[in-house]
Every structure is written in C-alpha cells, then in structure tokens.
Amino acid sequence: MKKLFLLTAAVCAAVAVQAAVIDLDLSKAKSYSTAGSSSLQYSESDGVLTVNWTVSTGWEVSGIQIPLRSITGIKGLMYEYQGDGTEHAFLHYFCDEQGTFWWDPNGWYDLTSTEWLSASLTPSTALWSSPSYAFGESPVVSLSFVANPELGNTSGTFKLRNVKIVTSGENVDPDPEGQSLPLTYKGEVLPINTEFTRTMSGQIGKNIGIPEVSGIACSRVTPGYIWMHSDETDADTNPFIVATDETGSVLGAKVSFDHVYRWDWEDMCGGVYNGKNYLFIGGFGDNNHTDGNYCIIYFEEPAIDPANPDVSVQAHRIKFEYPDHQKHNCESMMYDNIEQMLYIVTKVYDDVNQVFSLPFRLDYGDTQQTMTYVCDLGVTSDIGEGEYKEAIHRYKGFHLATAADISPDGKYILIKNHNNYVAVYSWILYWERVGNESIAETLRNRQPQVIDCYEYEWQGEAIAWKDNCTFYTTSDSDIASEPPIYKYARNIQPTDLGSIESTETTARLMLIGNILYISHPQGLYTIDGRKIQ
C-alpha cells in the first residue's frame, strides 16, 4: 500500500503565490454510507473529529461529508489524520457545484500509524458528472472509505483535524459552514442577520391533503395555526386551503370556495382591513408568459375549529394587469397593515425581480386594475449561467423570488428566492422599516440583510410571519415526501417598536403599555384585527 503522498515544492510554491487556504468546520460534518455505516464524534475543545466506519464487501463507500457554500476553484485538500493501527483503502472524493465527481489517484494511504500525519490531495480525474449528493442539497467535500473486495468486510476508526481546502484564489468561499453564497446587492456585499435561530417545527402530513405547498399565512383569527394552499389548482375541481398547527400534522380547518378563480395559485398572505381579517391568494403564476389573466383572490378569514374543520367561504377577486401591459410570472405577495396595500414581486430567470403595488379595496368589482411599479430589487450582478427548460440563462443573484411577507406590525419585510439548479444561490432577504416611511421607500432606499440561519430548501416557495419575532418557511414538495416546516425565532426581542405612521392612510400603529395596536378611524384594534374600542 502506498505511503503518504506529499505535494511537490513547485505545487507548494504555486499555492503560496496564488491560492487561498480555507479551514473547514468539522462540527458541520455528517456521516454517510452506501452499504456499511459511519458515525461521528466531534470534540470542540481540540477540534478533532473521530470517525467510526464499517464497509461491506464490494467497493462500497462510507465516510463524512462537509457542507460548503461553494467549492469553485478547488485545487486540493489538506488535513491531519491519525489511524487506528489497521490497514485499509482510503480514497478522497469531492464534488464541485456543477455536480462533477473528482478523485485523487494518490489518495491511498497506509493508516497503520497511530501518530498524527499530514495529508494533501490534488484531485485530477473526473469520474462522472451527476451529483453525489441528493439533488437540492448543498455541495460537499467528501472523505470516503472504500472496501477492497479482497479484504471482505472492513471497518476502522480514525481521527481528523485541521481540514482545509486550497482554492485558486477566485470565487473563494468566505464561510464554508453556511448554505448560500454571499450576495452582492447594488454593488455591496449584504450584511448577515444573526438574530434568528432555525428549528424544524414539524412536517406537512399526508393526512392534510395539500401537495406542493406554494403559499402559507399565519392565522390572525385563531393564533397557532398556519394556512396553506397548493401550487396548482385544477379548474375542474373545487379548490381548497387548509390550516394546520406548526407541526403540520393537526388539521384545524379545510376551507372550500364558492367560486373557482384561476388555476395557478402561487402565494398567500393575511391582513387587516377596516377591523376585519382577510386572507389573500395570488392567482398570478405564469411561467411561460402565456396567460395574462391575473388576479388576487380574497375573503374574510374564518375561525378555525378542529372539531368542525369543513368550512365554505365566499371568495372575491381583484383582476389586474401590469403597467407595461406585458405578461409576467409572479410567485410572491405581501400585505401591509399600515398602508392597507398589497405588494407582489415578479419571478425572473435572467433579469432582476420587480415589485408592484395595489391598494386593497372592497369595491373594485370585476374591473381590471393596473398595478403600480415600485422598484427593482437591485440585484444586477452577473454571477453565472445555467440551463433551464433547454435554454441557457444568466443568473443575476437574488432572482427567482418565490415568497414574501410583511410582519403584522408592518416593521419587517421578508422576500425569499430559490434556485433548484444552483442551490447555493438561495437566500432570505430581510428589510427593517424605519419611522413613517412606506414599504416602497424601505425597499427602494434601505439595504436588506441576509438571514444567516436559512438553509436551502428544495423548491422552497413559502414564507409567513407569525409575529414580528417569528416566521415560518416550507417547501413546494410532493406530499409523499412530507416536507418540513421550519420555524425561525428571533434571539433578541426588540425593545422599542415605536410608532409607524402611514403616509397614505389614516391607519397607524400605536405602542400602548408595550402592546402594539392598530389605530383606525373606526376604532382601536389588536394586530390580529379584534376591535377593543
């Protein structure tokens, strides 16, 4: 068996001049196995990862995977290891963000030594070009153990520390433990928001009956429940929405409608208008730009009673067009309780997202309304290209917007995107509204932050605020997969929400005894729409 292979002096000199060396966080490593087993123990005190692995006969693979934002420009891998006194085959794989497997022909080592040794690998041979990780997961660096068929069942224990990747110095990964690439917005790298902690609150149960959840909204009438709708509604059937608790398993309500409005529902949100709670559903998806019959469906939010979940509501719609009279695809909608204004965000493949607005009123009838252009979201940096529907598209950073929401107090804005084709180009952006500025002014003039704890979700198309300190996300995945519901809780509670007064309506927020209320000409209301005066 070959001894440790060291990089030549020439390679080391090149690394010193051109390369960047980046430490990988071993606490983020995950074990995996195609046939045997692998388990990990990480020591924070000394940064040592202990790996126990077993491989069956026949070149089966076990090992560890370390998630990355990106591994563009990798030139090699360096690490220190300690064997357990036995010999076994050891082979390094890594996968770049385009899904190509590489291996190092010099990656076979004698691990009989129990002393700490240094190893360096320089991947040189592409094996094939389909992702080693499940589609939609983050790229990974993989350290794998392969059983030699001549040895039969093989197992071992070894330790790792000081694992580093060596890059070309271009497109360097500044934060290997994250899930998304840094985002440049209006020429500046956006700051990271670390105020939230992400946990999985549950999974959307098969008993709920909603496949491909595309929009969610937290209930204001019956707090503790989350409304959900499916991505596409069959025009030949009666569409419905459901409400579940945050675990996704308890059905609180199943709401059917007296009218079927449009087949492609893409997002939903809630809001207060004249002291009543409304739910809004966006019937404005148009991937191929062939439809043009766009509308927003609205109805009074019903109370939720799990003992009697079946509810029927009378739905209304607002038909609209865009100010350029063109067809656009849209998957994001939010409502501002202060301005009583609806905002939608277009979804684009090779250009920037655009924001449009429309005041909410009850008297539009069947007359088509024209949206008002608000702003571009400011991302114009060209960061690469990819194939979608047999066409090459240039990726512009924060594009493909799929969900949006404004906190009930009107202070915080969330807009998220997803990119199933290059997973690391997915983010949640977070704006904070200041003073009495409008949502339009906040989006135009204020720099957003990137939610740090967000991790990529396959087909992540839904987001909703519960209150100004908690929001949820989930995925547009087939119900058979029972997609997870993620809860994001603010670590530090805001101490001064202040008063935000609208410039366009007479409604305003008031902080009375540390409780936030909506002051309206018709009375004083709680954030969830209950009249108290």
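Residues numbered from 1 in each chain as written. Predicted model: local features only at pLDDT ≥ 70, side-chain atom pairs only at ≥ 80, totals over all residues. Heavy atoms only, no water.

1. What to know about the sheet that holds strand β33 (residues 401-406)
- Spatial ordering of the open sheet is given by β15-β36-β35-β34-β33, a layout of five strands whose pairing is mixed. Edge strands, defined here as strands with exactly one partner in the open sheet, are β15 (192-193) and β33.
- Pairing of strand β34 (residues 412-417) with strand β35 (residues 428-432), which is carried by five bridges, proceeds in the antiparallel orientation. When the bridges of β35 are listed, Ile415 appears paired with Leu429. (Pairing = 2+ DSSP bridges. Helix = DSSP H or I, 4+ residues; strand = E, 2+ residues; numbered from the N terminus.)

2. Some details on the packing of aromatic side chains
- Within this structure, the stated rule accounts for 24 aromatic pairs.
- Plain terms: the ring middles of Tyr298 and Phe360 are 5.1 Å apart, the flat faces sit at 80 degrees to each other, and that makes the pair edge-to-face. Placement of Tyr298 in strand β23 (residues 294-300) and of Phe360 in the loop between β28 (354-359) and β29 (369-370) is noted, with a sequence separation of 62 residues between them. Pair check on accessibility: Tyr298 and Phe360 agree, each one buried.
- These aromatic residues form a ring-pair network of at least three members: Phe196, Tyr412, Tyr430, Trp465, Phe471 and Tyr488.
- Positioned above the aromatic ring of Trp116, the side-chain terminus of Arg161 is 3.9 Å from the ring centre.
- In this structure, Arg198 is placed above the aromatic ring of Tyr486, and the distance from its NZ or CZ to the ring centre is 3.5 Å. (Phe/Tyr/Trp six-rings, centres within 6.5 Å; stacked < 30°, edge-to-face > 60°. Buried < 20%, exposed > 50% of the residue type's maximum accessible area, 1.4 Å probe, protein only. Lys NZ or Arg CZ within 6 Å of the ring centre and 35° of its normal.)

3. Thoughts on the environment of Asn162
- Tracing the backbone through its elements, the reader meets Asn162 in strand β12 (residues 154-167).
- Taking the relative accessible area as the measure of exposure, Asn162 reaches 42% and is therefore partly exposed.
- Residues Asn162 and Ser118, 44 residues apart in the sequence, show an inter-C-alpha distance of 9.4 Å.
- When neighbours within four sequence positions are excluded, Asn162 is seen to be in contact with Met78, Tyr79 and Glu80.
- A distance of 3.1 Å separates polar atoms of two side chains, one belonging to Asn162 and the other to Glu80. (Contact = heavy atoms within 4.5 Å. Polar contact = N/O pair within 3.5 Å; in protein donor to acceptor, adjacent residues only side chain to side chain.)

4. Regarding the pattern of salt bridges
- For the coordinates displayed, the defined rule picks out 12 salt bridges.
- Linking Glu300 and Lys276 is a salt bridge whose minimum nitrogen-to-oxygen distance equals 3.6 Å. Taken as a pair, Glu300 in strand β23 and Lys276 in strand β22 (residues 276-283) lie far apart in primary sequence, 24 residues in all.
- A relative accessible area of 43% means that Glu300 is categorised as partly exposed.
- Among the salt bridges present, the one from Glu432 reaches Lys411, with a minimum N-O distance of 3.5 Å. Of this pair, Glu432 sits in strand β35 while Lys411 sits in the loop between β33 and β34, and the two are 21 residues apart along the sequence. (Salt bridge = Lys/Arg side-chain N within 4 Å of Asp/Glu carboxyl O.)

5. Observations concerning the sheet that holds strand β17 (residues 213-218)
- Taking strand neighbours across the sheet as the criterion, the five strands line up as β17-β18-β19-β20-β24 in an open arrangement whose pairing is mixed. With one partner strand each, in any of the chains shown, β17 and β24 (310-313) form the two edges of the open sheet. Ignoring strand direction, the axes of neighbouring strands in this sheet form an average angle of 25 degrees.
- Direction of pairing for strand β18 (residues 225-230) relative to strand β19 (residues 240-245): antiparallel, over a ladder of four bridges. Its bridge partner lying in β19, Ile226 is registered against Thr244. (Axes fitted to C-alpha atoms, helices over the stretch in contact; angles between N-to-C directions.)

6. Quick notes on empty space enclosed by the protein
- Taken as a whole, this structure holds two cavities of 30 Å³ or more when the rule is applied.
- One number sums up the size of the largest cavity: a volume of about 110 Å³.
- Listed by contribution, the elements that provide at least two residues to the lining of the largest cavity are β17, β21 (267-273) and β33.
- Looking at the lining of the largest cavity residue by residue, the classes come out as nine nonpolar, four polar and two charged. (1 Å grid on protein atoms, 1.4 Å probe; cavity = no way out; pocket = protein on both sides within 12 Å on 5 of 7 lines; lining within 4 Å. Points joined across faces, edges and corners; volume = space filled by probe spheres on them. Nonpolar A, V, L, I, M, F, W, Y, C, P; charged D, E, K, R; others polar.)

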